Structures are given as C-alpha cells and as structure tokens.
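In case you want the letters, here they are:
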Amino acid sequence: MCGIMGYVGPRQAAPLLLDGLQRLEYRGYDSAGVAVANGPISVRKAEGKIDRLAALLQKEMIEGSVGIGHTRWATHGAPSDRNAHPHADSSGKFVVVHNGIIENFAQLRSELGSKGHEFTSDTDTEILAHLIARRYDGDLVSAVRSAVASAEGAYALAAISEHEPDKIVAVRRISPLVVGLGDGETFLASDILAVLHHTRDFLIVEDDEMVVVTEDGATIESISGSEIDRPVMHVDWDIEQAEKSGFDHFMLKEIHEQPSVISETIAGRLDNHNHVRLEGVNLDSTFADELNQICITACGTAYHAGLVGREIFSRLLRIPTSVEYAHEMRYAEPLIASGSLTLAISQSGETADTLAAARLARSQGSRLLALTNVVGSTLSREADDVLYTRAGPEMSVASTKAYMAMLIGQYLLALHIGSAKGVLEEELVERIMRGLHALPADIETIIENDEEIVTAARSIASAEDLYFIGRGLDYAVAMEGSLKLKEISYLHSEAMPAGELKHGTLALITEGTPVIVVITQQSVYEKTISAIQEVKARGGRVIAVAYQDDPIIYELADTVLGIPRSDDLFGPVAAVVPLQLLAYHVARLRGHDIDQPRNLAKSVTVE
Ligand code: F6R
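Residues numbered from 1 in each chain as written. Predicted model: local features only at pLDDT ≥ 70, side-chain atom pairs only at ≥ 80, totals over all residues. Heavy atoms only, no water.

Thoughts on the domain arrangement of the protein chain
- Partitioning the protein chain into domains gives domain 1 (3-243), domain 2 (253-442) and domain 3 (449-589).
- Computed over C-alpha atoms, the centres of domain 1 and domain 3 are 46 Å apart. (Domains from an automatic or database assignment.)

What follows is the structure in structure tokens.
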C-alpha cells in the first residue's frame, strides 16, 4: 500500500524523507520518490527498492528543507519510473503525492486533456497536480480545496508549490494521514511509524479534513473551511507495535482491514445506475454470448475463493463453472471448449502452479482472466484481462483480507459478465449491489463483538481433531475456515460438505469432538440441521456460525458464533470472519508464531 512522508523545518528534507520512506517499506511498494522545494522544486524517483532512490540522491543530493516523499503500490499504471510519485503539473511548480484512488480519474483526465493538458504518466495522481495548478489563484490551500472538490474517491494527498515554499497542504479522504509535531519542525506521514523516532506527539487528520503543515506546526480545517481544534495525541507504543498499527499481529490487523478492503475493491466500479465498470476487463457482449464454460484455477486459499466463485457464477449466470486445483490441472488433460473463460485467482500472481495451469488453458484457446492483488505480477502480465483486488500488501502468511477481496472480485465479475450477457434481471443486480454495500458494516459488527469467538477458541485449543461442515456456499467457507485453523494453530482439521459426513467420517465423531458448522444457506437449512443432529447424537460438540437471529440454532448448538442476518448470497462472505478470528485466537492461545507459521511461505513460486 502506498506511503506518504513530508517534512517542513530547518533540516535538509531529502535524507529525512528517505528515512521515513524506509520505515514504511514493510507496507510493500514498487517504486519511491521525493520532491524538495528550494526555490524551484526538484524531484527524484525510481521504480524498485528505495535503495535505487537513495543511490540517485547520493549521486545528486537535492537541497531544501520542505519536501514530500512517497512509496507507491501501483493501482493506475504499471510500476515504472514514470508512474512513480511525486507527480508535477506541466510547469513543475505544483507537485503532489497521493495514496488511494481517484475514482473519476478517466473523466477528469479527458476534461483536462481537452483543455490542452498533457500528461507524462498513466497515474490518477498526476491529474491532481494539473487540477491544483489550474485552480491556483495565489493561494495553495484554496487551489487544493477546489481540486479535491472535483476528485471523487478514497485517498490522501500532499501538495507543495514553488509559489509557497514554506508549507505542505494535505487532505485526507479515508486514506490515513498524521502530523508529527517536532521542536521547530513538523512531519506529515500516512503512518505514525514513519516519524515515531522523531516525535511522540501527533495530530490525527480525520476524513474530509485539510491540514496545512509549516515548521511551526499544523492547522487542521474541514474540507469546507471551518477550523478544527484537534487535541495532540501522545503515542507510547514501541516501534514493533506501531508497524502493526497497534495490533499484536499482522493477521489480526489484516482481519480488521477487511471492511475497508471491501470498500476499496468496489470503489469506482459500481455506479448509481447499477452498472459495473471493471478497468482491465473487457468481456464484451460478443464474447459473453458465446461463453459456455468457466474454469477457475488456483491453489490454497485462492482455490477456496474459487469454490465461492463456482457457486456464484453457476447460480447467477447459469454458466457451468468448475474449479480446479492448479497443481492438478497443469498435469491433467483439461477439456477446454471454445467459448471458455479461465479465471486464474492468485493473491501474489506469482504462484508457479497457478501460472502453469493458466498458461495451459490459454495455450488451448481459453481466454484468461487474472484475479490478483499485485499489479504487474506475472499472472497479470500474461492474462487477456485482469481484475485487481486492491487488498493492499498482505504481510501475514495466512491470507485473510486478500481472500475477502477475491470473493468481492468474483461478485463484480458476475455482474460484469451478467450484464454483457444480458442475463441478470434488474432486481437481481440491485440485490447484489445491496449485498455488497452491506458487507463492510456487517463485518465490522462481527469483528467488534468477538467475545464468543475467544470463548470458543478456548474450548477447542487443545482438541485433537476438528471437523468443519457446510453446504453449498457454506461448504466453501468451511474449507477456508479449516485451512486457516490448520495453518496457524497446527491442529488437525478436515472440512467436508455436511451431507458427506454420514458417508464415513461420522465414525470419528465421539463424545466432545468439535464440529464447526457453517449454516447460512436457507435453501439447504433443514439438511444442515439434520447433519447437526447426527453430530449431536454421537456426543459431538457443535460450534455453529449462523445468523444471530436464528433461535433454532441457539437451541441446538453448543456454541453459536452469530453474524448479522444478510442475503444468503452474501452470508458466507461474512461467515468466514468468525472462522479467521477463531483460528487466530486458537493459535494465540497455543503460543504459535501467528504471522510466520512453520513450514509455510507467503508466495509459493516453486512447483
Ligand atoms: C493460505 C494461503 C495460501 C495461498 C496459496 C496461493 O492462507 O495464503 O494457501 O492462498 O499459496 O497463493 P496465491 O494466492 O498467491 O496464488
């Protein structure tokens, strides 16, 4: 995820900016840059590691004591020198860094283009520099305010100008920004960690606020211009805690990020007229009319996301959809008909097996669509179409927010294909839109009320074997819940469709055996209840993930991890969250290394 750093004070800005950016490295990035004002503004930027930027600066240091810096994690435009931030307007007098996404970027770019503006990058950020320059009338604050009024989206930006070289003007619209108050110097950053070694006194900039940073401190006002008196926050975390924004582990932080990841993944892709616009995906109606088979291929958690995709595509689009483990598919002889689409899902876009299966499908004439989190990854470069998930870098080996974003990506794809094919009734489209928009708040509620999950974790922390069951979409979630538990708690667990239990595994259910049942699907509700009865009759202990207003489940199960009632199409998306938290708390109780579980790697680039 991108990082912002800024400095105004008596010291040389460039080395301080570089140091701050290095402290943001852990967030992941693909390029970095700084801009320093000293009369004219000088910019240095480079694709790749910060060392490359450092080498550039070493060759030719830029002098000046006001500056902004950035680490970029590509969203618009491939990682490259020219797309790296900072970006300037054509005169070079207004320079901007920016995190997040300008949703109406295409429209603004063409409007500015028609007024003669020329652009040197593919980014949405550059638009902001041009807008600010265009609106500048002797006051940088007003120019930034006016530019921001035209730029929709969730973002944070920081701007400097040669005309007013004593300040940084910054805005927060959802993406975080903080001001660090030093002694005769002031810092700006997207993350406290970048400046925690300089000061422990911070002003937190809230959504829809502007901040003007000078060496004497900072003034905060609302976007509309009313002054805000923000109390200073004194931070006493240590550096390691700060990296995780105060969470004990990256996994927990990433679980908590899921509501905003959903919003980011949807941002700018759904409009008020029920249209979906997926930049990078061009399945037009000619292709969609011929489309008669979807094959999803992936590994691990991404495969489990594909299990959800299979249900969504078959149910909503009525297109036969299969999901294949990539490591199996690459050595099988897949039957790929003409008119087929292969959806390769991979957080990293670098998983060797997924790449091999995707290449095989493509070589046999299938169109290849990549669903991935990493811009410029091998999978994204080789695919015909790419949908990016915008989950931001995932640090914990056990995937949570990337999985969540993969689910959301597949709902968006179903809308895209459904509308190109003309098979989705307006009412169904509205239902999907409503479901997607409701998810962040529902997940927030689950995360905030985790007492029952902690209690359930205590009750299974020393179990020998556990079973996860569910039907349809609930089965897909059961698979993911079981994998999470295995990965970080090292407990043995198995997941299966609820109907499969009685065909053998029931022999293993004895007094006290924990069975985790996911039950959100009303169409198979009674059937899953029967499976619960079978487990109870053998003395098994049922932990149900179910709607919190379901009295029957509270009667039957030993423990219920309740989730807010939702549309059945989306129940399983929220249902995975208690299972992620359950795995987290069990692993914690067992004292394991949660973020780096034994024997596992984040990206499996070998076969
Ligand atoms: C488990 C996990 C792995 C990955 C799998 C595929 O939490 O993260 O199972 O899902 O190795 O990785 P990607 O999605 O990068 O292809």
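The discussion continues.
A look at helix H5 (residues 140-150)
- Restricting attention to buried positions, one finds in H5 the residues Leu-140, Val-141, Ala-143, Val-144, Ala-147 and Val-148. Buried residues along H5 cover an arc of 160° about the axis, so they all sit on one side.
- Elements that come into contact with the buried residues of H5 comprise strand E6 (94-102), helix H4 (125-135), strand E7 (153-161), strand E8 (168-173), strand E12 (209-214) and strand E13 (217-222).
- Where H5 starts, the residue carrying a side-chain oxygen 3.3 Å from the main-chain nitrogen of Val-141 turns out to be Asp-139. (Buried < 20%, exposed > 50% of the residue type's maximum accessible area, 1.4 Å probe, protein only. Helix = DSSP H or I, 4+ residues; strand = E, 2+ residues; numbered from the N terminus. Arc of directions from axis to C-beta. Contact = heavy atoms within 4.5 Å. Polar contact = N/O pair within 3.5 Å; in protein donor to acceptor, adjacent residues only side chain to side chain.)

A short note on the sheet that holds strand E17 (residues 321-325)
- On the basis of which strands lie adjacent, the open sheet formed by five strands has the order E17-E16-E18-E19-E20 and parallel pairing. Whereas interior strands pair on both sides, the edge strands pair on one side only; in this sheet they are E17 and strand E20 (385-388). For this sheet, the mean inter-axis angle between neighbouring strands, taken without regard to orientation, is 20°.
- As defined by bridge partners, strand E19 (residues 367-372) adjoins E20 across four bridges and the pair is classed as parallel. Bridge pairing in E20 places Leu-369 opposite Asp-385.
- Helix-sheet contacts for helix H10 (residues 300-317) involve strand E16 (293-298), E17 and strand E18 (340-346), and the interaxial angle to E17 is about 170°. (Pairing = 2+ DSSP bridges. Axes fitted to C-alpha atoms, helices over the stretch in contact; angles between N-to-C directions.)

Comments concerning the pattern of salt bridges
- Throughout the structure, instances matching the rule amount to 24 salt bridges.
- For Asp-19, the salt bridge goes to Arg-23, with nearest N and O atoms at 3.1 Å. Of this pair, Asp-19 and Arg-23 are both found in helix H1 (residues 13-23), four residues apart, which corresponds to roughly one turn of the helix.
- For Asp-19, a relative accessible area of 22% corresponds to the partly exposed category.
- Given a relative accessible area of 29%, Arg-23 falls into the partly exposed group.
- Taken together, the salt bridges that share partners define one network made up of Glu-164, Asp-166 and Lys-167. (Salt bridge = Lys/Arg side-chain N within 4 Å of Asp/Glu carboxyl O.)

Observations concerning the packing of helix H17 (residues 473-489) against helix H20 (residues 571-589)
- Running from amino to carboxyl end, H17 crosses H20 at an angle of 15°, the nearest separation of the two axes being 9 Å. By the angle between their axes, H17 is roughly parallel relative to H20. Viewed along their axes, H17 and H20 form a crossing whose handedness is right-handed. Contacts between H17 and H20 involve Leu-473, Asp-474, Val-477, Glu-480, Gly-481, Lys-484, Leu-485, Ile-488 and Ser-489 on the former and, on the latter, Pro-572, Ala-575, Val-576, Leu-579, Ala-583, Tyr-584, Val-586 and Ala-587. (Parallel < 35°, antiparallel > 145°, perpendicular 65-115°, else oblique. Left-handed = near helix turned anticlockwise from the far one by under 90°.)

Focus on the nonpolar core
- One finds Leu-436, Leu-439 and Val-577 to be the most contacted residues of the largest nonpolar core, which totals 92 residues.
- Ranked by the residues each element gives to this core, the list is headed by H20, at 12 residues.
- Two domains each provide a minimum of three residues to this core, namely domain 2 (253-442) and domain 3 (449-589).
- If we ignore the near neighbours within four places in the chain, the residues touching Val-577 are Ile-255, Gln-258, Met-404, Ile-443, Ile-446 and Ile-447.
- Counting residues in hydrophobic clusters, the runner-up holds 28 residues, among them Leu-128, Ala-129, Leu-131 and Met-210. (Core = buried A, V, L, I, M, F, W, Y, C linked by side-chain atoms within 4.5 Å.)

As for the pairing of E6
- Most of E6 is tucked away, with nine of its nine residues classed as buried.
- The sheet contact formed by strand E5 (residues 87-88) and E6 spans two bridges and is antiparallel. Across the sheet, residue Ala-88 finds its bridge partner in E6, namely Val-95.
- Linking two consecutive strands that pair antiparallel, namely E5 and E6, is a turn of five residues; a positive phi of about 75° is found at Gly-92 within it.
- Pairing of E6 with E7 involves nine bridges; the strand directions are antiparallel.

Considerations on the sheet that holds strand E2 (residues 31-37)
- The eight strands are arranged E3-E2-E4-E1-E10-E9-E11-E15 in an open sheet whose pairing can be described as antiparallel. Each edge of the sheet is formed by a strand with only one pairing partner; in this case those strands are strand E3 (41-47) and strand E15 (233-234).
- When strand E1 (residues 3-8) meets strand E4 (residues 66-72), the two strands line up antiparallel, connected through six bridges. From the neighbouring strand, Gly-3 faces E4, where its bridge partner is Thr-71.
- Helix-sheet contacts for helix H2 (residues 50-59) involve E2, E3 and E4, and the interaxial angle to E3 is about 140°.

Some words on the site of the ligand
- The ligand sits among 15 residues. The nearest are Ser-346, Gln-347, Ser-348, Thr-351 and Glu-487.
- Within the backbone of Thr-301, one N or O atom sits 3.1 Å away from an oxygen atom of the ligand.
- Within the side chain of Lys-484, an N or O atom sits 3.0 Å from an oxygen atom of the ligand.
- With the chains in place, 90% of the 400 Å² that the ligand exposes on its own is no longer accessible. (Near = heavy atom within 4 Å. Areas by Shrake-Rupley, 256 points an atom, 1.4 Å probe, with all protein chains shown as cover.)

Points about helix H14 (residues 401-421)
- Over its 21 residues, H14 runs 30 Å from end to end, which matches the ideal 30 Å to within 8%, given 1.5 Å per residue.
- Within H14, 20 of the 21 residues are buried, leaving the element largely enclosed by the surrounding structure.
- Positive phi shows up at Gly-422, right after H14, with a value of about 70°. (Expected span 1.5 Å × (residues − 1).)

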